[in-house]
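# A closer look at the structure
One-letter residues, chain by chain:
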Amino acid sequence: MAVKSADPQARHEESVITAERINRFGLLARRVTAASAREPITVSYPVTGETIGNVPRCDEQDLRSAARRARASQKEWARRSIAQRARVLLRFHDLVLRRQSEGLDIIQLENGKSRVQAFEEIMATATAARYYARSARSHLRQRRRGGAMPVLTSTRELRKPRGLVGFIVPWNYPLTLGITDALAAIMAGNAVLIKPDHQTPFSTLWAVELLEQAGLPPDVATVVTGDGAELGPPIVECVDFLMFTGSTRVGKLVAAQAGERLLECSMELGGKNAMLVLADASLRRVIDGALVGTFSNAGQLCIAMERIYVHSSLHDVFVQRLAERAAELRIGGGLDWSKDVGPLISRQQLERVNAHVEDAVEKGATVRAGGRARPDIGPLFYEPTVLANVTSEMRCFGEETFGPVVSVYPFDDEDEAIDLINDGPYGLNASVWTRDTGRGRRIAERIDAGTVNVNEPYAAAFGSTDAPMGGMKQSGVGRRHGAYGIQKYTEPQTIAVQRLLPVTPPMHWDGKVYATALSAGLRLMRRTPGLR
Ligand code: NAD
């Protein structure tokens, strides 16, 4: 049964908000426990603005009791072997793939992105589950370390779970960012407390439901929903480690609060990512890559390209073809596979995109494609936009737009282009295009970004879950993925056992004799090859 919408723009999309789906969202919302009887948070379908469900507006007390429940469940979970925990993640992997159709619907209904881009989230989630299930043993195993004195000291390094790990998550990749980092923490034996963005809570709730169906004990993964500014400070107070993904502005606020109690955190923040197109690049491949790299999720992707530097021999034809192809992208909503670009998430995002484009145009930029909102399609749509003649006085030159807007610049001197890419406060992702991949790698090494993709905009590096992913400079602190992406959720502990002779002499020993003997020992160690 279709639910009627008051918005005439929405009429063509009415059928996707069915009573069955609304009931399903209601069931997912019940996974959040809130004692307070506050006005709930309304979640809407960005394509039309229709309501799809409500979630509790948790207060500080709700959050603290969720943290207590999660903590109480952690000890038993940490006692399970790595193999037992891995089985839960692998069953979760299978459920995510088997139930992907429902997952895609949920992501699309709360975020608005196209179905193929929602599938990227299913893929990233399954991949992270498989990767950490299969690799945790090697990342977390006890390691023998060089002792204070060879033979006499036997030293091992252990990794203990932190306890309760907090996650503050944005709306743009509600499933991937809502659960994949938490999977690593869970695999390491922690309980997790996740606060999704208030606009997109259901993908995380769905993932936690699947995790429990896969055998995760109740409360090991606990979700609180509510206002970020209200719940942020008590999360910082309650947890033993914090993973924050969001804007650099809020990341700095949260890091300052965490600093007050010396809470360690990992942060994945904003970017102003650049693409570098060398003269020998394949134009066909680079245009395809630029379209995906700039307009995926309507540009609301932290690792999306917002600046493209093109060798002047290709620049004019590049801009023309990119503009033509951008104008052909299929904008719209719906839960089928037919659209390329969905809406922005909110009025605030739309205003930001509008403001950046208007500012650029006023200061002399040329709009080569797009450049306007599309209220005829839905309240939050904006056309894929290609700008040329952008200068450093314009907001879109250095500020993150986080929308479907890209600026293209010509270059002649490769060194100058690299300097421009490295200029500014961010260092998240970059992309280099050339037929000579060796040269591509060498240029990549000169770029100050946490990930650099050669002949791909972002997915090659992000999808390499075995390798670290994150930002340099103000784009982040720490990394997700790879060994670091799970080891950060543990406390290293060193256990050293001393045999036969002590390292420090008993008080009654002759200190001079001891120092002479030890000095001889140190000289011998220095001469022994391979001894560290
Ligand atoms: P945001 O910083 O406004 O919000 C992110 C999260 O922080 C949300 O859950 C929000 O509720 C919460 N929050 C808001 N105010 C808070 C406060 N005072 N204390 C604690 N938590 C608070 O970011 P956004 O607008 O939702 O997301 C877009 C930004 O996130 C962009 O800058 C984008 O580049 C960045 N991002 C980065 C990555 C990455 O991996 N580097 C991934 C996705 C998004």
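Residue positions within a chain follow its written sequence, with the count starting from 1. Owing to the predicted nature of the model, reporting of local features is limited to residues with pLDDT of at least 70; listing and counting of side-chain atom pairs is limited to 80 or more, with chain, interface and lining totals taken over all residues. Each side-chain value is derived from all of the structure's non-hydrogen atoms; neither hydrogens nor water enter the calculation.

This part takes up the site of the ligand. Any residue with a heavy atom lying within 4 Å of a molecule or strand is counted as near it. Around the ligand sit 25 residues in total, of which Val169, Trp171, Ser247, Leu269 and Glu400 are the nearest. Within the side chain of Lys195, an N or O atom sits 3.0 Å from an oxygen atom of the ligand. In protein, a polar contact requires one atom able to donate a hydrogen and another able to accept it; more generally it is a pair of N or O atoms within 3.5 Å, and residues adjacent in sequence count only if both atoms are side-chain atoms. With respect to the ligand, the backbone of Gly246 contributes an N or O atom lying 3.2 Å from an oxygen atom. For the accessible areas, the method is Shrake-Rupley and the probe is 1.4 Å, while residue cover comes only from the protein chains on display. Coverage of the ligand by the protein chains reaches 89% of its 840 Å² of free accessible surface. The numbering of helices and of strands both runs from the N terminus, where a helix is a DSSP run of H or I of at least 4 residues and a strand a run of E of at least 2. No other element matches helix H8 (residues 228-238), which puts 3 residues into the shell around the ligand.

The next thing to look at is the sheet that holds strand S20 (residues 490-498). The pairing criterion for strands is at least two bridges between them, as found by DSSP. One open sheet holds the 3 strands; their spatial order is S3-S4-S20, and the pairing between them is antiparallel. Looking at the sheet topology across the chains shown, the edges are occupied by strand S3 (143-145) and S20. Adjacent strand axes in the sheet meet at a mean angle of 30°, parallel and antiparallel pairs treated alike. Direction of pairing for S3 relative to strand S4 (residues 153-161): antiparallel, over a ladder of 3 bridges. Residue Arg145 lies in a different strand from S4, and its bridge partner there is Thr155. Structural elements are reduced to axes, namely lines fitted to C-alpha atoms, with helices fitted over the stretch in contact, and the angle between N-to-C directions of any two is expressed from 0 to 180 degrees.

Let us look at the state of the cysteines. Our working definition of a disulfide is a cysteine sulfur pair at a distance within 2.5 Å. The final tally for this structure, using the stated rule, is 0 disulfides. Just so you know, Cys238 is unpaired, no disulfide at all, and the nearest cysteine sulfur is the one on Cys58, 12 Å from it. When its relative accessible area of 12% is taken as the criterion, Cys238 is described as buried. Among the cysteines around Cys396, which has no disulfide bond, Cys302 carries the closest sulfur, lying 19 Å off. Only protein chains enter the accessibility calculation, which uses a 1.4 Å probe; a residue whose area is less than 20% of its type maximum is buried, one above 50% is exposed, and one in between is partly exposed.

Two strands pair when backbone bridges link them, and S4 and S20 are joined in this way by 9 bridges, in the antiparallel orientation. Within the sheet, the bridge partner assigned to Arg156 lies in S20 and is Ile495.

Bringing the domain arrangement of the protein into the picture now. As a measure of interface size, the accessible area lost when the parts come together is often cited. Annotation comment: domain bounds sourced from an automatic or database domain assignment. Looking at the assigned domains, one finds that the protein contains domain 1 (17-269), domain 2 (273-474) and domain 3 (505-532). Between the C-alpha centres of domain 1 and domain 3 there is a distance of 50 Å.

For this analysis, a salt bridge means a side-chain nitrogen from Lys or Arg found within 4 Å of a carboxyl oxygen belonging to Asp or Glu. Taken as a whole, this structure holds 29 salt bridges when the rule is applied. Taking the shortest distance from any N to any O, the salt bridge between Arg64 and Glu60 comes out at 2.9 Å. In this pair, Arg64 and Glu60 both sit in helix H2 (residues 60-79), 4 residues apart, roughly one turn of the helix. Given the relative accessible area of 22%, Arg64 is considered partly exposed. Accessibility expressed as a relative area gives 35% for Glu60, which makes it partly exposed. Ionic pairing is found between Glu414 and Arg439, a salt bridge with its closest N-O pair at 2.5 Å. Within this pair, whereas Glu414 is found in helix H14 (residues 414-422), its partner Arg439 is found in helix H15 (residues 437-446), the two being separated by 25 residues in sequence. Judged by relative accessible area, Glu414 falls into the partly exposed class, the value being 21%. Residues joined in a network through salt bridges with shared partners are Arg24, Arg99, Glu102 and Glu209.

Another aspect to go through is the confidence of the model for the protein. Should pLDDT be low for a region, the predicted coordinates there are not to be read in detail. Every residue carries a pLDDT, the predictor's confidence in it, which falls somewhere between 0 and 100. Considering every residue of the protein, the mean pLDDT works out to 96; 97% of them sit at 70 or more. A low-confidence stretch, residues 1-13 stays under pLDDT 50, and its non-local contacts, those more than four residues away or across chains, total 30 contacts. Whether two residues touch is decided by their heavy atoms; if any such pair falls within 4.5 Å, the residues are in contact.

So, on to the packing of helix H6 (residues 176-187) against helix H7 (residues 202-213). Working note: a packed helix pair is described by the angle between its axes plus the distance between those axes. At a minimum axis separation of 9 Å, H6 and H7 run at an interaxial angle of 35°. As H6 runs across H7, the sense of the crossing is right-handed. Where H6 approaches H7, its residues Gly178, Ile179, Leu183 and Ile186 are matched on the opposing element by Thr204, Ala207, Val208 and Leu211. Among the residues forming the contact of H6 with H7, the class breakdown is 6 nonpolar, 2 polar and no charged. Whether a crossing is left-handed or right-handed is set by the direction in which the near helix is turned from the far one by less than a right angle, anticlockwise for left-handed and clockwise for right-handed. Charged residues are taken to be Asp, Glu, Lys and Arg, nonpolar residues to be Ala, Val, Leu, Ile, Met, Phe, Trp, Tyr, Cys and Pro, and polar residues to be all remaining types, Gly included.

Taken in spatial order, the 7 strands of this open sheet run S12-S13-S14-S11-S10-S16-S17, and their pairing is mixed. Sheet topology places strand S12 (366-369) and strand S17 (451-454) at the edges, where each strand pairs with a single neighbour. Each strand axis lies, on average, 25° off the axis of its neighbour in the sheet, ignoring direction. Of the pairings in the sheet, the one linking strand S10 (residues 273-277) to strand S11 (residues 305-311) comprises 5 bridges and is parallel in character. Counterpart to Met275 in the pairing with S11 is Ile308. Seen against the sheet, H15 touches S10, strand S16 (429-433) and S17 and runs at an angle of roughly 160° to S17.

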